[in-house]
Amino acid sequence: MKIGIITGASSGIGREFARQMEYFYQTLDEIWVIARRKEKLLALSAQIRVPVRIFNGDLTEKEIYTELSNLLETEKPDIRMLVNAAGFGKSGNAEDIRRKEAGCQSRMIDLNCRALTEMTFVCLPYMSAGSRILNIASAAAFCPQPGFAVYAATKAYVLSFSRALGEEVKNRRIYVTAVCPGPVDTEFFETAGRPESFLKEKVMAEAPQVVRKALLDSRARKSLSIYGLPMKGAQIAAKVLPHRLVLKLEQIGRK
Ligand SMILES: NC(=O)C1=CN([C@@H]2O[C@H](COP(=O)(O)OP(=O)(O)OC[C@H]3O[C@@H](n4cnc5c(N)ncnc54)[C@H](OP(=O)(O)O)[C@@H]3O)[C@@H](O)[C@H]2O)C=CC1
Ligand SMILES: N[C@@H](C=O)C(=O)O
């Protein structure tokens, strides 16, 4: 059985991957989707031609990994594509966030970093030559971001982990792509709060385009997928300019 697995499929970027995946992989037997909101996953499954298997759970808790591992062990599917999209952010000074919402940033690290890593290791034994992993990092990974400090740090982890893992599994012909979008119009900002920088509002992208580019880049075995000129510019700027200067420019961009 050939399958795709998508975390964070109940909304935004993850849901869009679920919608587009069947067109990129015409031979998939099932798509397995993971998120906490079951009703959203049920609604998604009604929109997709390929049978969808729903895993309703919290990726920061261990139960979901036990359920998934047991099923993988029983069914031994060939995972053709894993998309790690579950994640969240929170705008504001890190210390203020901690004062107002104790535990929020630790949960963010747990979901954005630990859960993504654990999902990858749970799935890798069931991946074979030509399989793909897409880890949703962010353009926030390119440089530290005051006002998004912990979030940007989690995404720097995702980018670093993905690129190193990509080298480690290359000899098995498994291809890893770190997807680094700038702001995308999804429910993300309901949790994160509207972007502090007016520049982010100006470059807001749509999930279908970001996902289409990511799937094409994955097909082309690229280790990095960056949608749109503004974010490509941001990546180059973060590479060539001293981060001290980029940090100053970011502070000017904050409202
Ligand atoms: N939107 C943006 O501007 C950008 C987003 N990203 C990244 O893209 C990814 C997807 O975000 P996006 O689609 O925009 O945001 P959404 O808020 O629309 O989607 C987040 C998804 O993560 C799931 N999720 C959240 N917490 C948990 C949890 N504890 N356990 C399981 N699933 C969870 C949510 O499902 P549920 O609530 O049902 O559990 C939802 O499906 C994230 O990693 C985000 O950091 C990167 C760059 C830009
Ligand atoms: N890239 C976006 C989130 O990851 C943002 O910077 O708002």
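Structure shown above.
Worth saying up front: this structure is predicted, and the values here are computed from it rather than measured.

Peer 1: Looking at this structure, I do not really get the site of ligand 2. What am I missing?
Peer 2: Every residue near ligand 2 is listed here: Ser-138, Phe-148, Tyr-151, Pro-181, Gly-182, Pro-183, Phe-188, Phe-189 and Lys-200. In this structure, an oxygen atom belonging to ligand 2 sits 2.7 Å away from a side-chain N or O atom of Ser-138. Separating a nitrogen atom of ligand 2 from a backbone N or O atom of Pro-181 is a distance of 3.4 Å. Here ligand 2 has 230 Å² of accessible area as a free molecule, and 94% of this is covered by the chains. Split into classes, the residues belonging to the shell around ligand 2 amount to six nonpolar, two polar and one charged.

Peer 1: Is there a simple way to think about the site of ligand 1 in this case?
Peer 2: Taken together, 29 residues form the shell around ligand 1, and within it Ser-11, Arg-36, Tyr-151, Val-184 and Thr-186 come nearest. At 3.0 Å from an oxygen atom of ligand 1 is found a main-chain nitrogen or oxygen belonging to Gly-8. Within the contact set of ligand 1, a nitrogen atom lies 2.9 Å away from a backbone nitrogen or oxygen of Leu-59. Burial of ligand 1 by the protein amounts to 95% of the accessible area it has alone, namely 880 Å². Put simply, the parts of the chain that give the shell around ligand 1 at least two residues each are α1 (12–24), α6 (149–169) and α7 (188–192). Classifying every residue of the shell around ligand 1 gives 15 nonpolar, nine polar and five charged.

Peer 1: Help me understand the packing of helix α5 (residues 104–123) against α6 in this model?
Peer 2: Two quantities define a packed helix pair, namely the angle between the helix axes and the distance between the axes. The N-to-C vectors of α5 and α6 enclose an angle of 15°; their axes lie 9 Å apart at closest approach. As summarised for this structure, α5 and α6 are arranged roughly parallel, according to the angle between their axes. Classified by chirality, the crossing of α6 by α5 is right-handed. Here Gln-105, Met-108, Ile-109, Asn-112, Cys-113, Leu-116, Thr-117, Thr-120 and Phe-121 of α5 lie close against α6, whose contacting residues are Val-150, Tyr-151, Thr-154, Lys-155, Tyr-157, Val-158, Phe-161 and Leu-165. Its residues placed into classes, the contact of α5 with α6 shows 11 nonpolar, five polar and one charged.

Peer 1: Looking at this model, I keep getting lost on the packing of aromatic side chains. Mind explaining?
Peer 2: Pairs of aromatic rings are described using the distance from one ring centre to the other and the angle between the two planes. All told, the structure shown has seven aromatic pairs when counted by the stated rule. Between Trp-32 and Phe-55, the ring centres sit 5.3 Å apart and the planes meet at 40°, which makes this aromatic pair tilted. Placement of Trp-32 in strand β2 (residues 30–35) and of Phe-55 in strand β3 (residues 52–56) is noted, with a sequence separation of 23 residues between them. Residues Trp-32 and Phe-55 agree in their burial class; the two are buried. Taking 5.1 Å as the distance between ring centres and 85° as the angle between the ring planes, the aromatic pair formed by Phe-188 and Phe-189 counts as edge-to-face. Through a chain of ring-to-ring contacts, three or more aromatic side chains come together here, namely Phe-148, Tyr-151, Phe-188 and Phe-189.

Rules behind the numbers
- Residues numbered from 1 in each chain as written.
- Chains lettered and ligands numbered in written order.
- Predicted model: local features only at pLDDT ≥ 70, side-chain atom pairs only at ≥ 80, totals over all residues.
- Heavy atoms only, no water.
- Near = heavy atom within 4 Å.
- Polar contact = N/O pair within 3.5 Å; in protein donor to acceptor, adjacent residues only side chain to side chain.
- Areas by Shrake-Rupley, 256 points an atom, 1.4 Å probe, with all protein chains shown as cover.
- Nonpolar A, V, L, I, M, F, W, Y, C, P; charged D, E, K, R; others polar.
- Helix = DSSP H or I, 4+ residues; strand = E, 2+ residues; numbered from the N terminus.
- Axes fitted to C-alpha atoms, helices over the stretch in contact; angles between N-to-C directions.
- Parallel < 35°, antiparallel > 145°, perpendicular 65-115°, else oblique.
- Left-handed = near helix turned anticlockwise from the far one by under 90°.
- Contact = heavy atoms within 4.5 Å.
- Phe/Tyr/Trp six-rings, centres within 6.5 Å; stacked < 30°, edge-to-face > 60°.
- Buried < 20%, exposed > 50% of the residue type's maximum accessible area, 1.4 Å probe, protein only.

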